[in-house]
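Chain by chain, the residues:
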Amino acid sequence: MKKISSSILAAATLLSFGAGTCFALTANSNYTITTSKLKSDGKLATIETKPAVTDADGKLTFTLTTLPTNAEVNFIAFTIKDAAGTIVRQGVAPAPPDGDVNQLGINDLATVQAATFLKAAELAGTDDPVLAAYLLTLLRSPDLQAGDLLKLASLGQGAIKGQGGFEDYLLGNGVSDAKLAALKSCLVYNPDSTKATLRDFTKGYYTAVQSGSTATETSETQKAGGLMADVFMNAAACADVELEQITNAHEAAGAAADATGLFSGPGGISTNLRDSIDQSMSTFNRKISMVKMVTDYTNALNTLQASGTQVSTFISAAQAMAVSTAGVDAQYGDFFRDPAAYLAAHPGTDAQTVQQAINTIFQNAWTTFQNAIASSNADITALKATITSAFPGIMLPPDFGTNYIGPQTQVNWPIQQVVMVNWMLNLIQGGGSISYTRDTTPIPPMMQQWLGSCSNTQYWDQQSCTGHGGTWTSQRSTFDTPSTAFNAYLAMQQDVNIVDMARNSIWDNNNQPTQQQRMQAASDFMTRLGVIEGKIVATKAGGASASSAEKKAIIKLMLQPNAN
């Protein structure tokens with residue numbers, strides 16, 4: 001694994017082949033580096049070629065000039081050749097903004113990723129950043145066999161640009177051409193410098209190859225791969241694309257990739273590469289769901305004026321979860337890189353046990369997160385007091401303000417649910433009003449077993465009701481507290497729960513839904529929540545209506561945390 005590292009400047013670039021591991025370049029040898037810009041048609045145009053000679057440690061240093069910025073192109077490609085003209089390394093980096101610096105490290109994995117993307121760009125006739133980001137997400141192993149590069153490039157092209165793929169899904173589900181173009185631009189460069197982009201991915205490789213340690217290099221390279229969930233979600237927020245649309249589009253990309261026939265079967269990619277990609281995408285999908293969930297809730301908390309302590313508590317819990325799950329990339333980097341070699345080096349381990357171990361890391365992190373965002377007993381007590389003060393005569397059930405996160409584990413409401421109820425209480429106490437018209441989404445079958453009424457009012461679920469000779473009617477509850485506003489809140493919460501359970505009902509009875517069924521359920525979920533938003537009438541003191549953002553935040557904070 002030879003390596004190079006490079007700091008890419010807008011006007012001048014210094015590239016150095018790092019020494020320090022057994023994979024350094026040949027000492028005292030001649031090389032050339034060619035820089036090219038990737039044009040919008042997916043073809044490379046040479047900028048310049050420079051000669052250079054490695055030193056006694058195999059380090060290669062030279063200066064390049066006249067490099068384009070992100071205003072001119074999306075990507076710059078680097079090709080390293082030895083004295084015989086043989087390509088020994090390739091790298092691709094996003095073009096930096098004017099006057100700024102990008103960093104790039106090139107090793108064997110970066111070379112494979114660059115070659116695959118450049119081939120996919122050529123096949124698709126585009127320099128599409130979504131295509132680049134998708135392939136970087138997929139490909140975390142340099143172990144490509146004969147024919148894999150072309151197959152993987154074609155697979156990526158089909159997943160992103162093909163019928164029913166990532167971009168086709170977005171354009172067919174309400175995302176405009178302008179917003180899709182903005183998404184692509186934001187993947188390369190985000191005006192908010194605190195948000196991770198593809199620049200941070202290549203910077204991770206720079207850190208990796210500069211480490212001087214093979215183990216550290218593998219760990220840092222895989223951590224860079226783990227960053228891609230944040231990169232996609234940051235770009236979506238930058239382009240004003242609903243985060244749920246991005247996760248749904250990735251589901252569509254998976255279906256389109258499968259449709260190419262190149263992921264499995266006799267004409268597909270090699271087995272070891274497929275196993276690596278399978279695990280990479282499983283981990284990516286978990287991470288992007290968590291990133292979406294945390295981002296959505298954080299935005300909603302701020303919209304509904306959560307206190308600084310509430311927001312910081314939630315964010316701290318989310319950051320701790322991110323740190324815990326990032327351990328997957330470091331701990332199992334060798335598996336992502338070469339599954340067969342990893343299993344051979346760990347007797348008694350197979351792909352299933354690795355998957356189970358990774359699942360445990362995610363589950364433990366999720367459980368810790370749920371406990372960390374639970375409101376304090378004092379907050380729940382204060383909330384109850386506010387409700388009874390605002391609505392005299394109202395009777396709250398003993399378990400009000402608590403949820404179950406497992407069959408036996410009862411915890412206080414999460415912070416976000418308390419914030420949402422407090423916002424509505426403040427609205428009402430300040431002279432505003434809330435009303436709501438019930439939704440009509442069918443109650444899912446599993447929910448029908450306990451949501452309804454029995455002709456014998458002693459019983460509260462279908463089994464007990466019918467078992468004692470009663471007639472069970474599955475239906476929405478009628479709320480009759482002394483406050484019409486509180487009744488509206490309870491009705492909203494129940495309807496949101498119905499829509500949420502309807503989305504998950506495709507898994508009932510141990511069903512294994514198809515990708516198409518999962519995509520349809522996700523699409524229906526978004527549509528139904530939009531319908532509920534339209535049924536909310538919230539008026540502030542003075543007659544001003546609650547904004548669409550505030551209504552969306554109410555609904556978001558009514559949903560229980562879900563990282564799937």
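In the block above lies the structure referred to throughout.
Residues numbered from 1 in each chain as written. Predicted model: local features only at pLDDT ≥ 70, side-chain atom pairs only at ≥ 80, totals over all residues. Heavy atoms only, no water.

Here we look at the packing of helix α10 (residues 271–303) against helix α14 (residues 351–372)
Orientation of α10 relative to α14, taken along the N-to-C sense of each, is 10 degrees, at an axis distance of 11 Å. Between α10 and α14, the crossing angle belongs to the class labelled roughly parallel. Together, Q279, S282, T283, R286, K287, M290 and M293 of α10 and Q355, I358, N359, F362, W366 and F369 of α14 make up the contact between the two elements. Considered class by class, the residues forming the contact of α10 with α14 number six nonpolar, five polar and two charged. (Axes fitted to C-alpha atoms, helices over the stretch in contact; angles between N-to-C directions. Helix = DSSP H or I, 4+ residues; strand = E, 2+ residues; numbered from the N terminus. Parallel < 35°, antiparallel > 145°, perpendicular 65-115°, else oblique. Contact = heavy atoms within 4.5 Å. Nonpolar A, V, L, I, M, F, W, Y, C, P; charged D, E, K, R; others polar.)

Looking at the environment of D524
By secondary structure assignment, the location of D524 is in helix α20 (residues 515–534). In sequence terms D524 and V499 are 25 residues apart; their C-alpha atoms lie 8.9 Å from each other.

Considering unusual backbone geometry
One non-glycine residue with positive phi stands out, namely N28, at about 55 degrees. One can find N28 in the loop between β2 (12–16) and β3 (30–38). Of note in this structure, D240 is not a glycine but carries a positive phi near 60 degrees. Along the chain, the position of D240 falls in the loop between α8 (228–238) and α9 (243–259). Residue D240 is classed as exposed on the basis of its relative accessible area of 54%. (Buried < 20%, exposed > 50% of the residue type's maximum accessible area, 1.4 Å probe, protein only.)

Notes on the pairing of β3
Two elements, β3 and strand β4 (residues 44–53), share nine bridges in a ladder whose sense is antiparallel. Note that in β4 the partner of S36 across the bridge is T46. Linking β3 back to β4 in an antiparallel pair, the connection comprises five residues, with G42 at a positive phi of about 80 degrees. Strand direction decides the pairing type here: β3 and strand β6 (residues 75–82), joined by eight bridges, are antiparallel. The residue bridging I33 from the neighbouring strand is I80, located in β6. (Pairing = 2+ DSSP bridges.)

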